[in-house]
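What follows is each chain in one-letter form.
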Amino acid sequence: MIRFISFSLLVLASFMLAGTSRVKFQDVTEKAGLKALIVSGGEKKNFVLQVNGSGACWFDYNNDGYMDLYLVNGATLAELQGKKPVQSHRNYLFRNNRNGTFTDVTEAAHVPGSGWGFGCVAADYDNDGNSDLFITNFGTNLLYHNNGNGTFTDVTHRAGLAGGNIWHAGAAFGDYDGDGFVDLYVSGYLDFDIHNPELKTCEYRGVNVHACGPMGYRGAPDALYHNNGDGTFTDVTVKAGVVDKNLYFGFTVIFDDFDGDGKPDIFVANDSNPNYLYHNKGDGTFEEIGVQAGVALNADGKEMSSMGVAVGDYDNDGRMDLFVTTFANDNYVLFHNEGGGFFADQSYQSGIAEATIPHLGWATFFLDYDNDGHKDLFAANGHVFPEVDGKIAETYRQPLQLFRNAGRGKFREVSGEVGFSTMPWRSARGGAYCDYDNDGDIDILVSNIDDRPQLLENVGGNRQHWLELKLIGTKSNRDAIGAQVEVEAGGLVQYDHVRAGGSFISSNDPRLHFGLGERSSVDRIEIRWPSGTVERLPSVNSNQIVVIKEGFGIVVPPGDAKRP
Amino acid sequence: MAPRFLAASVCLICAVSACPQSADEIFRKGTELFERRDLAAARQEFLRLTKTPSYEPKSRYYLGRIALLESKPAEAIAWLEPIALNIPSILDADAQLSRAYLDAGQIERAKLITERALRQAPWQGSLHYRLGRIYQQLGDSEGARKEFAESVRLKSADRESVELLLQCSQSLTSGAAPKAMRIRQELLDNPSLDPDVLVALGLTFTAVGLQAESLEPFRAAAKRDPSFFQAQYNAGLALLKLGRAGEATPYLDAAQRLSPELADANSALALAHVLQAQYANAIPPLEKWRALQPANTRALDMLALAYLRTNAAGRAIPILREAVKFARGDPKPYFLLIEAMNAAEEQIAALEVAEDALKLFPALPQAHLAKAQQLARLGRYRDAGPLFARTIELAPGQIDGLLGLAEVQQKRGDYAASLGTYERALTIDRTNVTASLGTARNMVLTRDISGARAILEAALAAHPDNSQLHYELARVYARLGEKALAAEQTRILQELRASESKTP
C-alpha cells in the first residue's frame, strides 16, 4: 500500500512537472534572419508620441501554410515633420521560408508602410482567399490589398479607411453584422501636435520625465467601419452607436462574443480611462456596457492604464475571459467571464496580480505553451520612461513573464523555468504568438522599442499532443473571424474563437491551437461559424494542422503545411 | 563771525559729533519727549546718543522702555540686555528687562532677572507682583502666594485687587467655587483694573482647570491692552482648550505678532490653524516653531502633517525623517512618514519604515496595521494577512484591521470568511463604505446578487456621492436584469467621475 502511494505520488509529481521544467523558450531571432530595427523616436523620450512602440502581425500572406510576419515600425519626429526622409524606418514583411528562417520581402511585396506606424491586423476583407493587411498610423492609416501574387496594393483611399489626420493605435477585424464581410474598428489615442510638440516635464515617482501623458492631452476618437462587400468601407461610428464620446485614449481593440449570444461584441482597452465594452445588439448597433459588465474598471472601481488585451477561455468553461496589461505599480487585471456578459476581477484570486505589479505591460495573450490543455498567460513588459533607470526601483527594460495555468483558476509564474529570466531584458511593446514552424507548439514574437525584435522558439512544448485548426469560411467571412470552436478530447473540453487583433495593437496566429496533453486524438470538434451554421466533425488524430472549410469539413490545406 | 552764525555752527558740529555739551541737551530733550509719551520723537533723540559712550547705556535704557511701551518686547530685550548686567545698574533696567522677558513669554529668563532685580530693589511691590505671576505660570503656587502677599504688603496701589486675587485663589483651592466666582465678577466689573491683574485672575482659574471661567478675564485684559502678549496668548489658549479654534485664531495671531520669536506663540497659532484644517496657514508659524526648537518632535510632526495635507509630501518626508531620529519612543512620526512616503509614491521605502516601526513598537496594534496596510498597497496580500489578524487580536475593535483582513480573505478567494469579517466591521460602523463595498462584492462573487443590492442601496443612502458604490450598484442592477436602474447608476457614476476629475 505504502509502495503504491509512493508510486502514485511519483506519477502525480511527474504530471505536475510535465510541461514546466521541460519547456524552454529559445531566442532564435538571429538564426531566423529577422533583421529588423524597430524605431520609436529614438532612445531619449521627450514626447508621449515616442513611448508606445508598435505592433506585430502573424498571417499567411502567400497561402503556403506557414505564418509570415509583419512588423510595424515607428519613425522619428524629424522624419514625421518632413525634415528627414522616412525611408530608413520602414515596416517589415518577413516571408516564412518553411525552414525556420525568414526573408525580408517588404520591397518586393510593396508593403513598406508610411510615416509613423503603430498597429496592424490582417484579414481577408474582400474574401478573395488572400489575407490583406491594415496598419494604423499617426495620420493616415493604410490598407494593403493582397494581390495573391506576393504583392500588395495600397487601397486605403479607395476603401475609405484613411481615417483622418489623427493618432490611430489599435485595430481589429470582425463581422459585427454577420453579412460575411469583416468590418473594422480602429481606436484613436490622443491629439498630438506633431508640428509644435510641447516639451513637457512632469514628475513620476520623484523622477523628472518628459514623455508626459496621456493625461493632459485630448483624446482621439475611435471609429467603426462597415465593410460594404465591394472593397469599400463606410464609417458607421455614429449609426452603430460606438461614438467615443469621452475621447478616451484608445489602445488595443478586439471583437469577440463575450456574452455567448453569437454576435461579436467589441472591447476597447483605454489607457488611463475606463475600458469600453460595446454589446452587439444584433441590429447593427451597439450599447456600451463596460461598467455594468464589470470590465470598465478594476475590482477597486479604478480605471486602469489598459494597454494590451488577451482573450481566451482559461478555465475551459466555454466563456471568453479577458486579461489586460496595465501600468507599473498596478496589477494586470484578469476578468473572469461569469456568464451572461458579466465579469469578475480575479487578478488576485488567480495568483497573477502580485507578480505583475512591478511591471508595465503591453503585449499579452493566452497560449497553451506546454500543450497540457489549459491556457497559460504571457505578458511582455517595458517602461515608458527611460529616466527611471538607476533612480527608483523600476527599470526601463523589463523581463518577459509567463504564467502557467495550474487549473482551478490559478496561475503560477514560470518565467524563470522557461528561460525568460536568463534573457537580456528589453523594453517590449507589441507581440504576438504563432506556431511559425508548424511543429505544434506556440512560439512568441516580441517587438521591442528602439531595438531588435525577439523570436522565441518553443522548445519541448510539443512533447505533449496538440491540434491546430485553420478555418476557412464560405458563407461566413473567409478567415472565419468570429468562428467559435469546441474541441473535446478524452473528457477535456476546450473552447476558442477566431480573432483578428488583440495583444498590444498586434495580431496572433489566426489558427486555433489546442494542447491535448496525453490525449492522442480529439473525439469531437464543433464549429459555430459566424454565419450561424454549426458544424460537427468526427474524431481526428492529434499532432496535426487541420484545415476546415465551412460546409465541407476537413479539406486538404492550401500549400503544403507540415504534418508532423 | 557774527554770534548767530557761530551758534549755528556749533550746533551743527555738535549734532554731527555729539559733543558732551549738546549730548546733555539731547538726552534732556529725549527724556522730556519720553515723559510726554512722544515716543517716536524721543526714540530719534536717544538713537542719536547710542554712539556716545557716556550716554549709550542710558539711551539704551530709554530705547528699551520705548520698545516696551510700543509692545515690542523683542526689541526691548535687544536694547536692555547689554545694560541689565551692568554694575551699578542703569536705573531699573533689570525690572524693565524682566517685563520685556515676561511680555515675550520667556518665563524662565523673566524669573531670573526679576529675582535679581528684587535683590537690588526688594521694596518694589510691582516686582514682587510680577514674580508672583511668573511663579504662578511656572506652577509654583506657594512661591506665587508669597510673592503676591509681599506685593500686597508693598504695593499699596494694587493692594485691594491683589488681595481679592489671593482670596479667589484660596477659595478655588478650598472648593468654595461660588465665592471665587463672586470675586471674579467683582474684579471684572472694575473698569480700571490693571490688565496684569486680569491675566493673573484668568490664570488662577486655568490652574484649577476652569478654562471657561478663565476666558473672560483674559479677553478683558486683551481688550484693555491689545499689546499685552500674555492677555492675547492666554485668551487664545483658553479658547483652543475649549475647542473654539476659530475664535482662538485672532488672539493667537495677535500674540504671535507681539512675540514672533516665542515658540509657544507660534505653536499655539499653528495648532489653531491645524485644528481648522487650515494647513497652508499653519505652515509659516510651524516653520518658525521648528527654527526655534529644531529638535521638538511635535513641531516636526505638525509641520510634516501640514505639508502632507497641502500636497507637498516631498517636503514632509525629510522633516519626518528628522522627527524619527529625535523621537525613538514616539510612533507618531513613523506613521506620518509612511503616509508621506505613500503620497510621494515611495511605497517600498514606506514598507521599510513600517518594518522599523513594528520592530520598535511590537505591542502597538497600529504598528502591525501600518505594516499590513503597506504590504497590501504593494499587492502583497498574503504577507499582509497575518499582520491584519494580529492587529485585530491586539485591538479587536480596530476597524481598519478588520477591513484589511476581509480584503485579504476576498483576494485569496475565501469569500465566506471575508463576508464574516466585513460583517464584523459593519457592526462597528454600520455605514462604513469599504465594508459595504466589500460585503456586496463578496455577495456578488457568491451569487447573492439581491443581498448585494440591499447592502449597496443602504450604503448609498448614507453616502450618495460615493462613486464606487454607484459602480458596484450599476453592476448589481445589470446582473439582476434591471437595465434602466443600471443605466441610471452608470450615468451618475460618470457624472461623479467627471466632477472628480475637474476637482483640482
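Analysis parameters
- Residues numbered from 1 in each chain as written.
- Chains lettered and ligands numbered in written order.
- Predicted model: local features only at pLDDT ≥ 70, side-chain atom pairs only at ≥ 80, totals over all residues.
- Heavy atoms only, no water.
- Helix = DSSP H or I, 4+ residues; strand = E, 2+ residues; numbered from the N terminus.
- pLDDT = per-residue confidence, 0-100.
- Contact = heavy atoms within 4.5 Å.
- Expected span 1.5 Å × (residues − 1).
- Buried < 20%, exposed > 50% of the residue type's maximum accessible area, 1.4 Å probe, protein only.
- Polar contact = N/O pair within 3.5 Å; in protein donor to acceptor, adjacent residues only side chain to side chain.
- Core = buried A, V, L, I, M, F, W, Y, C linked by side-chain atoms within 4.5 Å.
- Domains from an automatic or database assignment.
- Axes fitted to C-alpha atoms, helices over the stretch in contact; angles between N-to-C directions.
- Left-handed = near helix turned anticlockwise from the far one by under 90°.
- Nonpolar A, V, L, I, M, F, W, Y, C, P; charged D, E, K, R; others polar.

*Asks:* I tried to follow the environment of Glu186(B) on my own but got confused; where do I start?
*Replies:* Considering the arrangement of structural elements, one finds Glu186(B) in helix 11 (residues 177-188). For the pair Glu186(B) and Ser161(B), spaced 25 residues apart in the sequence, the C-alpha separation amounts to 9.5 Å.

*Asks:* Got a minute to help me understand the confidence of the model for chain A in this structure?
*Replies:* Fine structural detail should not be taken from predicted coordinates in areas where pLDDT scores are low. All names here are of chain A. On average, residues of chain A score 94 in pLDDT, and 95% of them reach the 70 mark or higher. Low pLDDT (under 50) marks residues 1-20, which in the prediction has eleven contacts with non-local residues, meaning those over four places away or in another chain. A low-confidence stretch, residues 558-564 (pLDDT under 50), is modelled with 24 contacts involving residues beyond four sequence positions or located in other chains.

*Asks:* Sorry, what's going on with helix 24 (residues 399-411) of chain B here?
*Replies:* Residues and elements named next belong to chain B. Compared with the 18 Å implied by 1.5 Å per residue over 13 residues, the 18 Å span of helix 24 between its first and last C-alpha is a close match. The buried count for helix 24 comes to eleven of 13 residues, which makes it a mostly enclosed element. Listed as buried for helix 24 are Ile 399, Gly 401, Leu 402, Leu 403, Gly 404, Leu 405, Ala 406, Val 408, Gln 409, Gln 410 and Lys 411. Looking at the packing, one finds that the buried side of helix 24 touches helix 22 (365-377), helix 23 (381-394), helix 25 (415-428) and helix 26 (433-445). In this structure Gln 398 caps helix 24, since a side-chain oxygen of it lies 3.0 Å from the backbone nitrogen of Asp 400. Note on helix 24: the residue one or two positions beyond its end, Gly 413, has a positive phi of about 90 degrees.

*Asks:* Before we go on, may I ask you to explain the nonpolar core in this structure?
*Replies:* Residues and elements named next belong to chain B. One finds Phe 46, Leu 97 and Leu 252 to be the most contacted residues of the largest nonpolar core, which totals 85 residues. When residues of this core are assigned to domains, at least three fall in each of domain 1 (6-121) and domain 2 (189-294). For Phe 46, the residues in contact, after removing those within four places along its chain, are Phe 27, Gly 30, Thr 31, Phe 34, Ser 59, Tyr 62, Leu 63 and Ile 66. Ala 263, Leu 337, Phe 361 and Ala 406 belong to the second largest nonpolar core, which has 65 residues in total.

*Asks:* In this structure, what is going on with the side chain of Glu338(A)? I would like to understand it.
*Replies:* In this structure, Glu338(A) sits in strand 22 (residues 333-339). With relative accessibility at 9%, the residue Glu338(A) sits in the buried group. A distance of 2.8 Å separates polar atoms of two side chains, one belonging to Glu338(A) and the other to His336(A). Here Glu338(A) is in contact with Arg319(A), Phe343(A), Ala344(A), Arg447(B) and Arg479(B), once residues within four sequence places are set aside.

*Asks:* Would you take a moment to explain the packing of helix 5 (residues 73-84) of chain B against helix 6 (residues 93-103) of chain B for this structure?
*Replies:* Two measures define how a pair of helices packs: the angle their axes make with one another and the distance between the axes. All names here are of chain B. It is the contact of helix 5 with helix 6, at a shortest axis distance of 9 Å, that shows an interaxial angle of 145 degrees. As helix 5 runs across helix 6, the sense of the crossing is left-handed. Residue-level inspection shows Pro 73, Ala 76, Ile 77, Leu 80, Glu 81, Ile 83 and Ala 84 of helix 5 in contact with helix 6, the latter providing Ala 93, Asp 94, Gln 96, Leu 97, Ala 100, Tyr 101 and Asp 103. Among the residues making up the contact of helix 5 with helix 6, the classes are represented as ten nonpolar, one polar and three charged.

*Asks:* Help me out: how do you make sense of the side chain of Ser350(A) in this one?
*Replies:* Residues and elements named next belong to chain A. Tracing the backbone shows Ser 350 in the loop between strand 23 (342-345) and helix 7 (353-356). Classification of Ser 350 by relative accessible area gives buried; the value is 0%. In this structure the side chain of Ser 350 is engaged in a polar contact, spanning 3.4 Å, whose partner is the backbone nitrogen of Ile 352. Aside from chain neighbours lying at most four places away, what touches Ser 350 is Leu 334, Gly 409, Lys 410 and Phe 411.

*Asks:* I tried to follow unusual backbone geometry on my own but got confused; where do I start?
*Replies:* For residues that are not glycine, phi is negative in most cases, and the peptide bond is trans in most cases. All names here are of chain A. Here Gly 213 and Pro 214 are connected by a cis peptide whose omega angle stands at 5 degrees. In this fold, Pro 214 is placed in the loop between strand 13 (207-209) and strand 14 (223-227). Look at Arg 408: it is not a glycine, yet its phi comes out positive at around 55 degrees. Tracing the backbone through its elements, the reader meets Arg 408 in the loop between strand 26 (401-407) and strand 27 (410-413). In the Ramachandran plot, Ser 503 falls in the positive-phi region, its phi being about 50 degrees despite a non-glycine side chain. Along the polypeptide, Ser 503 turns up in the loop between strand 33 (492-497) and strand 34 (512-517). Residue classification places Ser 503 among the buried residues on the basis of a relative accessible area of 1%.

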